[in-house]
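Below, each chain spelled out in residue letters.
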Amino acid sequence: MYTVIDGKKLAAEMRAEIKLSAEAFKKRVGREVGLAVVLAGENPASQVYVRNKIKACEETGIKSYAYYLPESVSQNQLEELIKELAEDNNIDGILVQLPLPTHIDAKRALELIPTCKDVDGFSAENAGKLSQNSDCLVACTPNGVMKALERYKVPVKGKKAVVLGRSDIVGKPMAMLLLNADATVTICHSKTQNLKEECLKADILVAAIGKAKFVTADMVKDGATVIDVGINRDENGKLCGDVDFENVKDKCSYITPVPGGIGPMTITMLMYNTVIAASRR
Ligand code: GUN
């Protein structure tokens, strides 16, 4: 029998806790925790994400400062805004929604976010600290995965974890967090040989590759925990993950659904990071 990890419920519980922390901050410091959300252009998925992030701020008692820039925004205009937000004492976290318009050098713009306000955990300093197992702001999706594993008491220490995907945003920090939690970690990617055999060794399999229903039942060991980070559309346009949930679930001890699994946890971890950033500043 498998257990479905209910990310929606977990996220609601965590948001209630975060709200208490945000209220305590306001009492102590005399102002609200503040998150700046910057969206450039009109990418429909980004618009949905940003809307949900602002909604989550309202739910957790965090003041959001939204900046909507046109697709045509110049590198200079974006950089000037980030510099302004970096200096603003009411802003504890700066979130620049990705992807940015193609004419923008995203790396150069993001480097202007001070490490202490980098609530996405994307900066070289935060990523480097994570790899050294030091205190830092951790990328939200992998951090949400770890919270889900913790809350469901999934054993990690000494277990074999396989991460599918090596992105800077999910795959790499995910592998680091699992390693820091004493798992034996393998990172697989598009050039990996014998991918199925690698996956079959996993006690914990994290799929973060962005391919609909890529992980099939023949790739999963009996009793494995399968975490699905993907958000894709299937052939009928229906939301689905990187895992073929219906066929994989019976092999698992724990599995996350899409939607309702890691997705709600990601935005919750952004709120969590923002309150941490506020308390540390
Ligand atoms: N675009 C897709 N995922 C993310 C994320 O976690 N943070 C930001 N800033 N942009 C994204």
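Residues numbered from 1 in each chain as written. Predicted model: local features only at pLDDT ≥ 70, side-chain atom pairs only at ≥ 80, totals over all residues. Heavy atoms only, no water.

Along the backbone of the chain there are 10 helices and 11 strands. A principal-axis box enclosing the C-alpha atoms of the chain has dimensions of 50 × 40 × 35 Å. Sequence-distant contacts in the chain: of pairs separated by 6 or more residues, those separated by 24 or more amount to 71%. Counting every atom, the chain has about 13,600 Å² of accessible surface; 50% of that belongs to carbon and sulfur. (Helix = DSSP H or I, 4+ residues; strand = E, 2+ residues; numbered from the N terminus. Contact = heavy atoms within 4.5 Å. Areas by Shrake-Rupley, 256 points an atom, 1.4 Å probe, with all protein chains shown as cover.)

The next subject is the sheet that holds strand 11 (residues 252-255). The strand order across the open sheet built from six strands is 1-11-8-7-5-6, with neighbouring strands paired in parallel fashion. Single-partner strands in this sheet number two, and they are strand 1 (3-4) and strand 6 (184-188). Where strand 7 (residues 204-207) meets strand 8 (residues 224-228), four bridges bridge the pair, whose relative direction is parallel. Residue Ala-207 lies in a different strand from strand 8, and its bridge partner there is Asp-228. (Pairing = 2+ DSSP bridges.)

Before going further, it helps to spend a moment on a nonpolar patch on the surface. There is a patch of nonpolar side chains on the surface, built from Tyr-49, Ile-231 and Leu-239 and spanning about 240 Å² of accessible area. With respect to the helices, strands and loops of the structure, Leu-239 is situated in strand 10 (residues 239-240). Using a relative accessible area of 31% as the deciding quantity, one classes Leu-239 as partly exposed. (Patch = residues over 30% accessible without salt bridge, like charges linked within 9 Å, V, L, I, M, F, W, Y side chains within 5 Å. Salt bridge = Lys/Arg side-chain N within 4 Å of Asp/Glu carboxyl O. Buried < 20%, exposed > 50% of the residue type's maximum accessible area, 1.4 Å probe, protein only.)

On to the site of the ligand. Looking at the ligand, the residues that line it are Lys-53, Leu-95, Val-96, Gln-97, Leu-98, Asp-120 and Phe-122. Between Val-96 and the ligand, the recorded distance is 2.9 Å, taken from a backbone N or O atom to a nitrogen atom. Between the ligand and Gln-97 there is a distance of 3.2 Å, counted from a nitrogen atom to a side-chain nitrogen or oxygen. For the ligand, whose free accessible area comes to 280 Å², the fraction covered by protein is 80%. Looking at the shell around the ligand, its residues break down into four nonpolar, one polar and two charged. (Near = heavy atom within 4 Å. Polar contact = N/O pair within 3.5 Å; in protein donor to acceptor, adjacent residues only side chain to side chain. Nonpolar A, V, L, I, M, F, W, Y, C, P; charged D, E, K, R; others polar.)

Here we take up helix 1 (residues 7-29). With 23 residues, helix 1 extends 32 Å from end C-alpha to end C-alpha; this agrees with the ideal 33 Å at 1.5 Å per step. When we look at burial in helix 1, the residues that qualify are Gly-7, Leu-10, Ala-11, Met-14, Arg-15, Ile-18, Ala-22 and Phe-25. The inward-facing, buried residues of helix 1 abut helix 2 (44-60), helix 6 (140-151) and helix 10 (262-280). Put simply, Asp-6 is the residue that caps the front of helix 1, since its side-chain oxygen is 3.2 Å from the backbone nitrogen of Lys-8. (Expected span 1.5 Å × (residues − 1).)

Next up on the list: the pairing of strand 11. Here strand 1 runs beside strand 11; their pairing, made up of two bridges, is parallel. Counterpart to Thr-3 in the pairing with strand 11 is Tyr-254. Across three bridges, strand 8 lies against strand 11 in parallel orientation. Across the sheet, the residue bridging to Ala-224 is Cys-252, located in strand 11.

Another aspect to go through is the side chain of Gln-97. Inspection of the secondary structure puts Gln-97 in the loop between strand 4 (93-96) and helix 4 (106-110). In terms of polar contacts, Gln-97 uses its side chain to reach the side chain of Lys-53, at 2.7 Å. For Gln-97, the contacting residues outside a window of four places in its chain are Val-38, Leu-39, Ser-46, Tyr-49, Val-50 and Lys-53.

This part covers the side chain of Asn-273. With respect to the helices and strands, Asn-273 occurs in helix 10. For Asn-273, the contacting residues outside a window of four places in its chain are Val-119, Leu-137, Val-138, Cys-140 and Asn-143.

In this section: the packing of aromatic side chains. Applying the stated criterion to the full structure yields one aromatic pair. Measuring from ring centre to ring centre gives 6.3 Å for Tyr-152 and Tyr-254, while their planes differ by 75°; the resulting arrangement is edge-to-face. Taken together, the positions of Tyr-152 in the loop between helix 6 and strand 5 (160-164) and Tyr-254 in strand 11 put the pair 102 residues apart, joining distant regions of the chain. In this structure, Lys-63 is placed above the aromatic ring of Tyr-65, and the distance from its NZ or CZ to the ring centre is 5.3 Å. (Phe/Tyr/Trp six-rings, centres within 6.5 Å; stacked < 30°, edge-to-face > 60°. Lys NZ or Arg CZ within 6 Å of the ring centre and 35° of its normal.)

What follows deals with the sheet that holds strand 3 (residues 63-69). As summarised here, the arrangement of the three strands in space is 3-2-4, forming an open sheet in which the pairing is parallel. Bordering the open sheet on either side are strand 3 and strand 4, each of which pairs with just one other strand. Ignoring strand direction, the axes of neighbouring strands in this sheet form an average angle of 15°. Pairing analysis gives four bridges linking strand 2 (residues 34-40) to strand 4, with the strands arranged parallel. Each bridged residue has a counterpart across the sheet, and for Leu-35 the counterpart in strand 4 is Gly-93. (Axes fitted to C-alpha atoms, helices over the stretch in contact; angles between N-to-C directions.)

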